[in-house]
Amino acid sequence: MLLFTSLRIPHWILIVAKLPKVRYICKDMEANPRHVPDLSVLVPVYGVERYIADCARSLFAQRDVDAEFVFVDDASPDGSVDRLHEVMAEYPAVGERVRILRHARNRGVGAARRTAIEAARSTYICFVDSDDALSDDRALAQLSEEARRTDADLIFGGYCEVSPAGRRRIHTPRPDRDRVLRSLLRQDYRTSNRLWGILIRRALHTRYGVWPAAGLNFAEDYVLLSQLVYRAARIAAVDRPFYAYRTANAGSCMNTLTRRSADAYVEANRVVTDFFRAQPDFERWRPALTLGKLNVAKWILMRGFSPSDYRTRLFTSDDAPIGLAQRLYAAALRTERLPLVRAVAAAVNALHS
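Right, let's walk through the structure included here.

The rules behind the values
Residues numbered from 1 in each chain as written. Predicted model: local features only at pLDDT ≥ 70, side-chain atom pairs only at ≥ 80, totals over all residues. Heavy atoms only, no water. Helix = DSSP H or I, 4+ residues; strand = E, 2+ residues; numbered from the N terminus. Contact = heavy atoms within 4.5 Å. Pairing = 2+ DSSP bridges. Expected span 1.5 Å × (residues − 1). Buried < 20%, exposed > 50% of the residue type's maximum accessible area, 1.4 Å probe, protein only. Arc of directions from axis to C-beta. Right-handed = clockwise from strand over helix to strand, strands pointing away. Core = buried A, V, L, I, M, F, W, Y, C linked by side-chain atoms within 4.5 Å. Salt bridge = Lys/Arg side-chain N within 4 Å of Asp/Glu carboxyl O.

Some remarks on the environment of Asp178
Step number 1: Within the secondary structure, Asp178 is located in helix α7 (residues 177-186).
Step number 2: Sequence separation of Asp178 and Tyr230 is 52 residues, and the distance between their C-alpha atoms is 8.2 Å.
Step number 3: Residues within four places of Asp178 in sequence aside, it is in contact with Arg284 and Trp285.

So, in structure tokens, the structure goes:
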């Protein structure tokens, strides 16, 4: 210790010397810049110290696929990145294919995803949330094979919801672009609001400027996926449960539904509406969009809030319900009687499906 003091070795050198011997690649560096992998896996990281080891192991164990892994530390306040380094040390062969980027301050999941998209080098990207995992060691390989076979812009993989009660399999949507898009706009949940577990042609972001919505930390997947499906020329699906979506993370936004979540959902709906209103074929999608507003209002009521508090934000003079069925749905919502609203909503959504 006296020797170190006399030589005045900077303290950061001593810290680095104690870290596991794994490669940490900063934002201004790239691993093997001449090599373009087949797939970029993008993982935002924030407050997931308990889960990220399982996530990283499931990624690094993938076989038969040429993938890079881009983690974005969104100024995580816990030991998430330390846990990630520990897992990297278990898989020394992946060191050249891992990049860890860092935000100096917390900017939210949308910003973290955008940073990852901009850093990605592959034709296709795949988002994985850092408290989830891939459940199949050939998940990425099979999705990549489907991408090569179909040349689709979006390839949906199946997934399982994982909770203390067990696993529940969720099937992929039928690979019909218009059907999937209408389901998203209606918010009928026949198509999940999710970006994870889907292969996305990166050019949909870079060519069309379709980026994650800034400032939204709830329902941002709904905003981005709607725009991606609209821009896609072709979609495909592999109906196998490749992805394990963890529903038991008490810190996740899906398990902390508050007034702010309701506000964000309404704002997300406005972003989606404004995007489609600017498109030349807006009238084609208008009925699905107005039904989506009614379904958002139902979601608000189911969470214990009053839809009337959001009526003017959801429905402008140009957003009136279309047709008798939607007007009956709106009337049921005004009663705020949840059993009635659920019954009417089920009938109207079935009518439009």
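Describing the pairing of strand β9 (residues 235-246)
Step number 1: Sheet topology note: the strand β5 (residues 133-134)/β9 ladder contains 2 bridges and is antiparallel. Paired with Ala133 across the two strands is Ala244, which belongs to β9.
Step number 2: Alignment of strand β6 (residues 154-163) against β9, held across 9 bridges, turns out to be parallel. When the sheet's bridge partners are listed, Gly157 is paired in β9 with Val238.

Overview of helix α13 (residues 323-335)
Step number 1: Over its 13 residues, α13 extends 19 Å from the first C-alpha to the last, a length consistent with the 18 Å expected when each residue adds 1.5 Å.
Step number 2: Every buried residue belonging to α13 is among Gln326, Tyr329, Ala330, Ala332 and Leu333, and all of these are buried. Axial view of α13: buried residues confined to an arc of 160 degrees, hence all on one face. Opposite the buried face of α13, at more than 90 degrees from it, the exposed residues are Leu324, Leu328 and Arg334.
Step number 3: Lining the buried residues of α13 we find α11 (282-302) and α14 (338-352).

Some words on the pairing of strand β1 (residues 39-45)
Step number 1: For β1, the tally of buried residues reaches 7 of 7 residues, placing the bulk of the element in the interior.
Step number 2: As paired strands, β1 and strand β2 (residues 67-73) are joined by 7 bridges and run parallel to one another. Its bridge partner being in β2, Leu39 is matched across the sheet by Ala67.
Step number 3: The handedness of the β1 to β2 crossover, carried by helix α3 (residues 52-60), is right-handed.
Step number 4: With 4 bridges joining them, β1 and strand β4 (residues 124-127) adopt parallel strand pairing. What sits directly across from Ser40, in β4, is Ile125.

Remarks on the nonpolar core
Step number 1: The biggest cluster of nonpolar side chains holds 65 residues, and the ones touching the most others in it are Leu154 and Phe276.
Step number 2: In contact with Leu154, other than residues within four places in its own chain, are Ile198, Leu199, Ile200, Leu204, Leu228, Val229, Ala232, Arg234, Ile235 and Ala236.
Step number 3: Residues Val43, Phe69, Tyr124 and Tyr245 belong to the second largest nonpolar core, which totals 41 residues.

Here's the deal with unusual backbone geometry
Step number 1: Positive phi values are uncommon outside glycine, yet Asp64 reaches one of about 65 degrees.
Step number 2: The phi dihedral of Ala219 is positive, around 65 degrees, even though this residue is not glycine.
Step number 3: Along the polypeptide, Ala219 turns up in the loop between α8 (203-208) and α9 (220-231).

Side note on the pattern of salt bridges
Step number 1: One pass over the structure, following the stated rule, counts 32 salt bridges.
Step number 2: In this structure, Arg99 and Glu68 form a salt bridge, with 2.8 Å as the shortest nitrogen-oxygen distance. On the criterion of sequence distance, the pair formed by Arg99 in strand β3 (residues 98-102) and Glu68 in strand β2 is long-range, its members being 31 residues apart.
Step number 3: The buried category is assigned to Glu68, whose relative accessible area is 2%.
Step number 4: For Arg83, the salt bridge goes to Glu86, with nearest N and O atoms at 2.6 Å.

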